[in-house]
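Inside the fold
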Amino acid sequence: MSKKVAIIGAGPSGLVTAKTLLHNFPGTFSPIIFDSQNNVGGLWSSHHAPREERPVTLDPRMRTNLSRFTVAFSDLAWESVIPDDPPIFPQATQVGEYLACYAEQYVPTHVLRLGCRVIRTIRKVEDGNVKWNVQWVQESAEESHSESGLLDDAVLSEEFDLIVIASGFFAQQYIPNIPGIKQFQGQIIHSSSLHSERAQLPFDNTNANGQVVVIGGSMSGVEAASAVALHQSSSALSSNQIPHTQETKLHHIHSRPFWALPTYLPHDSPDGAPLFLPLDLAMYDLGRRPPGPIKYSLGPIPEERAVQTNSYFHSLLGNDYEKYAHMHSPLGPERFRIQPPWVAIGNDYAEFVRSGAIQTSMGRVSCINSDPITKKSSVQYEGPDGVTNTIENVTTIIMATGFTPYKSLSLLPDEVLTALEYSNTDPFTPLILDKGGTVRSEIPDIGFVGFYRGPYWGVMEMQARYLGKLWSGKDSGTICETDEQKQSLRRLRSAHPDLDRGQFPMSDYVGLMESFAKDLEITRSGLQAGDSRSGPAVPARYLHGGIPTSFAESEAKRTLGALRDALIPIHEVAQKAAASAIFRALHGTWTFSKQAADAKGEIYGTLAFYPRYPTSPAYEREYVCVETYVDSGGREQPMQANTRFMRLGEDGFDIATSRIEIWSPGLADKLSAGQLTQAWELTSLSREEKYGETIPGETVIFATSVDSLSGVEYLYTFHFEGVSILSWECAEDSFEDQMGVKRKGSFYSYVRD
């Protein structure tokens, strides 16, 4: 008789658990998935539900922080979900489509109990046999009975042999109880709801001079601050104003140092040629690990490893970018270098900081003061030097303070939580679990999948496989005993939060994947013939070691084929990465000098790239480019006299995303109102040379285009240090003007303002 398994949650963790138990261990398990929503996908499907029903929201347009090669399972390629050129970083809606397709392929409908909210579980032990009584309510029944007081009558229950908590770590928004917060008379928004509140942000109209404060570092802090800065920039441009000159200021208060990484990082291809790669493919390269077996690292971060990792980020980003993307303590960078590195991901954050659009401050908010008479409020925070600082006239506070996992655990019995060493005051490590956060040896009939901060999909899949192997009875049971990991987690729980704790308890993704692969006897696939040690650790390289179906094998091969292409500098994927890297790095203001071959002297001015919301869904990102000349009398031309659009196409549309496009003048709101004048064709990234020798950390990309209006050919040269463009040039080829006169082209040279 098969073992009945209750799986709580129909997100990626729950779906991969059900799939694994059904297909990797046929006939052994009978899983049932419970979820309160009416669709599979968990957070990724929440955009389908009415707004008031979303416990935690995701912007449907939000891009994943990691590439599609990491945000995927081993046995379903993105190309099977989006056949026409799937995006490197999928949107939330597309991730929802992926999970729906995965469920359709692998999870029968009778396994799904959607619209069923589990309210409690009871663990029964009789004569050495364990049973789990799972109690739930139908969401529709809960609504219909709530007014009549018949809620208890609507409770249903069923017994199971095993239970899996797959309801996620990010279960509930966390807003700290800061003194004075209840008296604050402005608007408080949690960062996860920012996209739905954007239209109501008060600094657009009535409170134009109010200050906006983002509280919280890490991922959500950078994302929220960047989103508000983009909103301010776009709003100013729509009113024909220069962004970042208004009295409204955006303050970002973060409590510890961090690195702000762009989504594409420089990396060496397998043959040693430089290219830009999605950050996960660069950071999770197996070749970065020292020779020998790859070990899983867990526990407090030693100084030596902190210094090594911080140095790695410094080498990736370069000196220029680090000035604005490396938020370190004012007590000195030396102290920062020995602290465990925290990272955030954001393409625009550093440039918004450079331009002054985001004003950063390190410290912890101590109180919020509100004057009931003037209706004005201030935010006080204490810096690392112990000095208290105040931000006056605050009208909006955005809480980028993350989530708590406690709601996902509230349905478990108290005695079970006690055995799991549950802490309701430590959201960092709320449980002490064995074997990669999957089980606890003393109570092996409950499993956890995806219950940790940063739930990479490959680890979810490994955890599900691990539970299947443990519960199938093919092992003695001691497989889940990893006392060393429990001790490491206990040390981590008691470690100093700033000096010894990393950003994530289970941050060693590559080591964790390799540890699971060893225990599950899974052989990692090689990307290159005879070399299985190089290349990134992605789920498709760890296909199940049992008897995978031909479909699963073909899907894994399809993903690995696309991954190999992504590592080729001349491939379209690398070209898209280079285009994105250039586009991001142009953000800001540049001083230029123009040398015309048929005129005396030079012309000077500035060229500013201001981001705004794309005016067409066919584009991923957009700038308004304002060129200002300074004549001999020091006069500047009006803003609209020399304005262009620059656009970067979005994956999946009928435009070449390896091209950056320039459109004709005017602050038009529709694509049809402008005219495409240039489309840049890029060369591969190459190493910068000086006097015949390459310069470490510096690279160059060339771009060519032909102006559709004048026929003039252009050659652009972009000089990179890490992820920053230090300088760039534009050379016009000789051309024939409208009168038929042959003219020599001009040469423009640009440096940071």
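Let me sum up the structure you'll find in this document.

Rules used in this analysis
Residues numbered from 1 in each chain as written. Predicted model: local features only at pLDDT ≥ 70, side-chain atom pairs only at ≥ 80, totals over all residues. Heavy atoms only, no water. Pairing = 2+ DSSP bridges. Helix = DSSP H or I, 4+ residues; strand = E, 2+ residues; numbered from the N terminus. Axes fitted to C-alpha atoms, helices over the stretch in contact; angles between N-to-C directions. Phe/Tyr/Trp six-rings, centres within 6.5 Å; stacked < 30°, edge-to-face > 60°. Buried < 20%, exposed > 50% of the residue type's maximum accessible area, 1.4 Å probe, protein only. Lys NZ or Arg CZ within 6 Å of the ring centre and 35° of its normal.

Things to note about the sheet that holds strand 6 (residues 156-160)
Spatially, the three strands line up as an open sheet ordered 4-5-6, and their pairing is antiparallel. Every interior strand has two partners, whereas the edge strands, strand 4 (116-126) and strand 6, have only one. Strand-to-strand twist across the sheet, computed as the mean angle between neighbouring axes with direction ignored, equals 20°. Here strand 5 (residues 129-138) runs beside strand 6; their pairing, made up of five bridges, is antiparallel.

As for the sheet that holds strand 11 (residues 250-254)
Spatial ordering of the open sheet is given by 9-21-10-11-17, a layout of five strands whose pairing is parallel. Each edge of the open sheet is held by one strand with a lone partner, namely strand 9 (187-190) and strand 17 (358-362). Averaged over all neighbouring strand pairs, the angle between strand axes comes to 20°, with direction disregarded. Across five bridges, the pairing between strand 10 (residues 211-215) and strand 21 (residues 394-399) is parallel.

Side note on the packing of aromatic side chains
Evaluated as defined, the whole model comprises 36 aromatic pairs. When the ring of Tyr466 is compared with that of Phe516, the centres are 5.8 Å apart and the planes differ by 70°; the resulting orientation is edge-to-face. Of the two residues, Tyr466 sits in helix 13 (residues 457-471) while Phe516 sits in helix 15 (residues 509-519), which places them 50 residues apart along the sequence. Geometrically, the ring pair formed by Trp590 and Trp728 is edge-to-face, given 6.2 Å between the ring centres and 85° between the ring planes. Note that Trp590 is positioned in strand 24 (residues 588-596) and Trp728 in strand 34 (residues 724-732), a separation of 138 residues in sequence. Judged on exposure class, the residue Trp590 and its partner Trp728 are both buried. The positively charged end of Lys4 is found above the aromatic ring belonging to Phe160, 4.9 Å away from the centroid. Directly above the ring of Tyr106 sits Lys19, whose terminal nitrogen or CZ lies 5.3 Å from the centroid.

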